[in-house]
Amino acid sequence: MVGYLARSQGEDERSVLFRGIDMTQHGEGAVRVRFAPSPTGHLHLGGLRTALFDWLWARKTEGQFILRIEDTDRKRYDADSVTSLMQGLRWLGLEWDEGPDIGGPYASYVQTERREIYQKYAQKLIDRGHAYRCYCTSERLEAMRAEQRRNKRPTGYDRHCRRLADAMRTRREAEGIPSVVRFAVPEAGVTVFTDLLRGDIQVDNRQLRDEVLLKADGLPTYHLAAMVDDFLMNITHILRGEEWLATAPLHKLIYDAFGWEMPVLVHLPVILDPSGKGKMSKRKRTVAGKEYLALAHEFRDAGYLPDAMFNFLVNVGWNFDPDQEVFGREEAIERFCLEDINPSAAALPYEKLDWLNSLYIRALPASELKKALLPFLSRQLQLSEDELETDRKLDILIPVIQERIKRLDEAAEWLDWAYLDADEISYSDPKLLIGRKLNAAQSIEILRVGASLLEEVDPFAAETIHQAFRQKAEALGVKAGGFFGPFRGAITGKKVSPPLFESIEALGRQETLRRIERALRELEG
RNA sequence: GCCCCCAUCGUCUAGAGGACUAGGACUCAGGCCUUUCAAGCCUGCAACAGGGGUUCGAAUCCCCUUGGGGGUACCA
C-alpha cells in the first residue's frame, strides 16, 4: 500500500502524509521550506522554478514558505537584486510567510545580519574537533592546485593546516595571521545521504574536501550558513538545484558533526538551455543564433502572463496530469507531490509557453486584457497610459486581437496603424491596395464604391458596414476576399491586420474616408 | 582526469514487469472553415540510446557501454 503518498486520492487535506509521517502533525508542526537565493543578479527561471516548488509544497501541506537572503558573498553582492528577486516571486504569485521584508519568528532572514551566529557554530565545530583553522594563503592554494593539475591529480585542499602542531597554531594566532575555518572531513569511510528523488547516495569520504566554512572576512560560506540556518529555522525540506548534489555529502557530514537530524533533501533537476545541451545560462545567451529568455523579468517584459508562466513552470520537472495541460493554482496545489518530481534535466519548451500564454490571454475578460496591455502599448506606441485608457479604439480592437496575440508585446504591431495620421500610412507594397484576383482599375472602382457606402452607412458600426460591403460585393459579383482586400491595405497599410470592419469602426468614418482617399491617390498616381 | 547524477517522439511528459499496436501536449505537415492573419475542428509525421542478463513475459529490475548533465573556489 502506497498510502503515504500525498497524491493518494480522497485523503483529508489536513493530514498530508509524507514517508509515513504526517508532516502537518510532526515535530515542531508544519512543513517548512525555504527559498534561499544569493543576491548576485537577476532571478532566473531555474531559481523561480525552485521557489515555485517550495511554495507549492508549503501550500499543499499548509506549512510555511520562507524567503532567506544568502548574501555572504560580498564580492558578487548586488543590492538591486534583492528587490528584483522579490518582484520576480511576487509576479508569479509566490508570497512568502517569513522573510527579510516581513520578518518572522526566526529573524533575521538575511545572512550577513547573522554573522555572529555562524561564528559561534564554527567555533563549536572547532571545539569538537570537526573543524580547524587554516592559515594558508590564496597564493599557496593556487600553487597547490596548479601542482595537482600538472600531476593529473584531483584538485583540492591538501589539509596542510589540519596537521599543524598546536605550538605552530598558537604562534600564527599570536602573529595575527588571517585564517579561515575548514571542515575536517573524516579521512576514511563513506558518507550516505538520501535524496528524495534519487534514493540513497553513497560517497567515499576520500573524494571530499576540507571545505572552507568561515572565510577570512568572518562571513560563512554556503556550507556553514545554509546548514546552520536550515537547522535553526526548523526547515523540514531542502529544495535546491541539482548543482548542490555533489556537496550534499559534505552537508550531511556537517549535520552529523553537530548532531542534528538532516532535513529531507530534494535536488531539483537543472533547466537546460533550449538546445537541451548545457545548463541554462543566467546571462542572456544565444543558441543556434537565437536569443532565448532566461530571467524572470524578461518573461514579464515580453508579455507572458503570470498565470500562464505558473502553469508552464509547474509542468517542467513535474506533471500535473498528462491529459490536462491547463490548470490553475488551486488545482496544482491540490495535486502537487514532491516525490513525483522527475529527476532528469529538462529544457524549457518555449513554444508550449507561447501556446499556453495565448490560451490565458484569450481567457481574460477584455477589460483585464486592456489593463495588462496598457504598459506595453504605452511604451511601444509612445502614448501615455491615461490617453490609451480612455481611447475607445482599444475597446473595439482589443477583443478582436485577443485571439491573435501570443504575448502582450505583440499587440502594438496589430494596432499601431490606428494611431497614425492618414498621411503617415505607407503603402510600400503596391499590391497592398489591389484585391485578390483583381487588377488596379477594379480595385480603384471598389475603393470608390466602398467610400460612398461608408459615407452613408448608419450606424457606423462593424456589423452594419459588414452587411453593406457584403451586399455590394455580391451585387458586383466580386468575391468577398477580393472586395475587402483593398480596404484593409488602404486603412492599415498592412497585408495582415485585425478584422476589417472592426478596424473601420474603430477608426471612425472621417479617418477611414481620408485613408481611402489617400489610397486612391496612390493607385491613380 | 576524478566523483556524482540522469536517459521514452524535435521539445515537455504519461508509464510502478502482462491493460503498449508505447498515451497526451507543443511544434511541424496536410485538410476543413474563412475577410487577411489568427482561432476552431479533423488527419498525419514522430520515441523506449546500444548491448548483455533476470523472467513464462522488460520501456519498467540488474550489469556494461555510450551519450548528456552537474561538481571539482576564502561563489552560491
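Cut-offs used in this document
Residues numbered from 1 in each chain as written. Chains lettered and ligands numbered in written order. Predicted model: local features only at pLDDT ≥ 70, side-chain atom pairs only at ≥ 80, totals over all residues. Heavy atoms only, no water. Helix = DSSP H or I, 4+ residues; strand = E, 2+ residues; numbered from the N terminus. Expected span 1.5 Å × (residues − 1). Buried < 20%, exposed > 50% of the residue type's maximum accessible area, 1.4 Å probe, protein only. Arc of directions from axis to C-beta. Contact = heavy atoms within 4.5 Å. Salt bridge = Lys/Arg side-chain N within 4 Å of Asp/Glu carboxyl O. 1 Å grid on protein atoms, 1.4 Å probe; cavity = no way out; pocket = protein on both sides within 12 Å on 5 of 7 lines; lining within 4 Å. Points joined across faces, edges and corners; volume = space filled by probe spheres on them. Nonpolar A, V, L, I, M, F, W, Y, C, P; charged D, E, K, R; others polar. Phe/Tyr/Trp six-rings, centres within 6.5 Å; stacked < 30°, edge-to-face > 60°. Lys NZ or Arg CZ within 6 Å of the ring centre and 35° of its normal. Pairing = 2+ DSSP bridges. Axes fitted to C-alpha atoms, helices over the stretch in contact; angles between N-to-C directions. Parallel < 35°, antiparallel > 145°, perpendicular 65-115°, else oblique. Left-handed = near helix turned anticlockwise from the far one by under 90°. pLDDT = per-residue confidence, 0-100.

So what's going on with helix α17 (residues 462-476)? Residues and values would help.
For α17, built from 15 residues, the straight-helix expectation of 21 Å at 1.5 Å per residue is met to within 8% by its first-to-last C-alpha distance of 21 Å. Looking at α17, one finds that the buried residues are Ala 462, Ile 465, Ala 468, Phe 469 and Ala 473. For α17, the buried positions fall inside an angular range of 135° around the axis, keeping them on one side. Away from its buried face, by an angle of more than 90 degrees, α17 presents the exposed residues Gln 471, Glu 474 and Ala 475. Where the residues of α17 are buried, they touch α16 (440-456), α18 (480-492) and α19 (500-507). Following α17 by one or two positions, Gly 477 has its phi on the positive side, about 70°.

Can you explain the pattern of salt bridges? Please cite residues and give values.
A full pass over the atoms with the stated rule returns 35 salt bridges. Between Asp 321 and Arg 335 there is a salt bridge, with the nearest N and O atoms lying 3.1 Å from each other. Pair noted here: Asp 321 is in the loop between α9 (306-314) and α10 (329-335) and Arg 335 is in helix α10, with a separation of 14 residues, a long-range link. Taken together, the shared-partner salt bridges connect Arg 34, Arg 68, Glu 70, Arg 114, Asp 229 and Asp 230 into one network.

Mind laying out the layout of surface pockets, listing which residues take part and the relevant values?
There is about 1,100 Å³ of room inside the largest pocket. Elements supplying a minimum of two residues to the lining of the largest pocket: β3 (32-35), α1 (45-61) and β10 (237-241). Looking at which element gives the most residues to the lining of the largest pocket, the answer is α1, with five residues. Tallied by class, the residues present in the lining of the largest pocket amount to 14 nonpolar, 12 polar and 14 charged.

Which residues make up α18, and what values do they have?
Look at α18: 18 Å from first C-alpha to last across 13 residues, which is about the 18 Å you get at 1.5 Å a residue. Those residues of α18 that fall on the buried side of the exposure criterion are Gly 482, Phe 483, Phe 484, Pro 486, Phe 487, Gly 489, Ala 490, Ile 491 and Thr 492. Of the surrounding elements, those touching the buried residues of α18 are α16, α17, α19 and α20 (509-524). Positioned one or two residues after α18, Gly 493 has a phi angle of 70°, which is positive.

I'd like to hear about empty space enclosed by the protein, residue by residue, with values.
Where empty space is left becomes clear once a probe the size of a water molecule has been rolled over the atoms. Enumeration over the complete set of coordinates arrives at one cavity of 30 Å³ or more. Its residues assigned to classes, the lining of the largest cavity comprises three nonpolar, three polar and one charged.

An account of the packing of aromatic side chains is needed here, citing residue identities and associated values.
For the coordinates displayed, the defined rule picks out 22 aromatic pairs. Arranged with centres 5.6 Å apart and planes meeting at 75°, the rings of Tyr 121 and Phe 258 form a pair that is edge-to-face. In this pair, Tyr 121 sits in helix α3 (residues 115-127) while Phe 258 sits in helix α7 (residues 248-258), placing the two residues 137 residues apart along the sequence. Through pairs of rings, three or more aromatic residues link up here, namely Phe 53, Trp 57, Trp 318, Phe 320, Phe 327 and Phe 336. One Lys or Arg, Arg 329, reaches over the ring of Phe 310 and ends 4.4 Å from the middle of that ring.

I'd love a proper account of the pairing of strand β8 (residues 199-204), names of residues and values included.
The sheet contact formed by strand β7 (residues 190-195) and β8 spans six bridges and is antiparallel. Counted as the bridge partner of Val 190 is Asp 204 from β8. Hairpin connection from β7 to β8: three residues lie between these consecutive antiparallel strands.

An account of the sheet that holds strand β5 (residues 131-134) is requested, with residue identities and associated values reported.
The strand order across the open sheet formed by three strands is β5-β6-β9, and the pairing between neighbours is antiparallel. Each edge of the open sheet is held by one strand with a lone partner, namely β5 and β9 (212-214). Here the average twist between neighbouring strands, direction ignored, is 45°.

Before we move on, can you summarise the packing of α17 against α19 with the specific residues and values?
Between α17 and α19, whose axes approach to 8 Å, the crossing angle comes to 125°. As the angle between them shows, α17 and α19 are arranged oblique. The interaxial crossing formed by α17 with α19 has right-handed handedness. Residues Ala 462, Ile 465, His 466 and Phe 469 of α17 lie in contact with α19, whose contacting residues are Phe 501, Glu 502, Ile 504 and Glu 505.

Which residues make up the confidence of the model for chain A, and what values go with them?
Within chain A, residue pLDDT values average 91, and 94% of them lie at 70 or more. Taken together, the stretch residues 1-27 has pLDDT below 50 and engages in 53 contacts with residues farther than four places along the chain or on a different chain. This prediction of the complex comes with two scores: 0.92 for pTM and 0.95 for ipTM.

Describe the side chain of Lys 393, with residues and values.
Following the sequence through the fold, Lys 393 ends up in helix α14 (residues 392-401). Those residues in contact with Lys 393, other than ones at most four positions away along the chain, are Ala 418, Tyr 419 and Ala 506.

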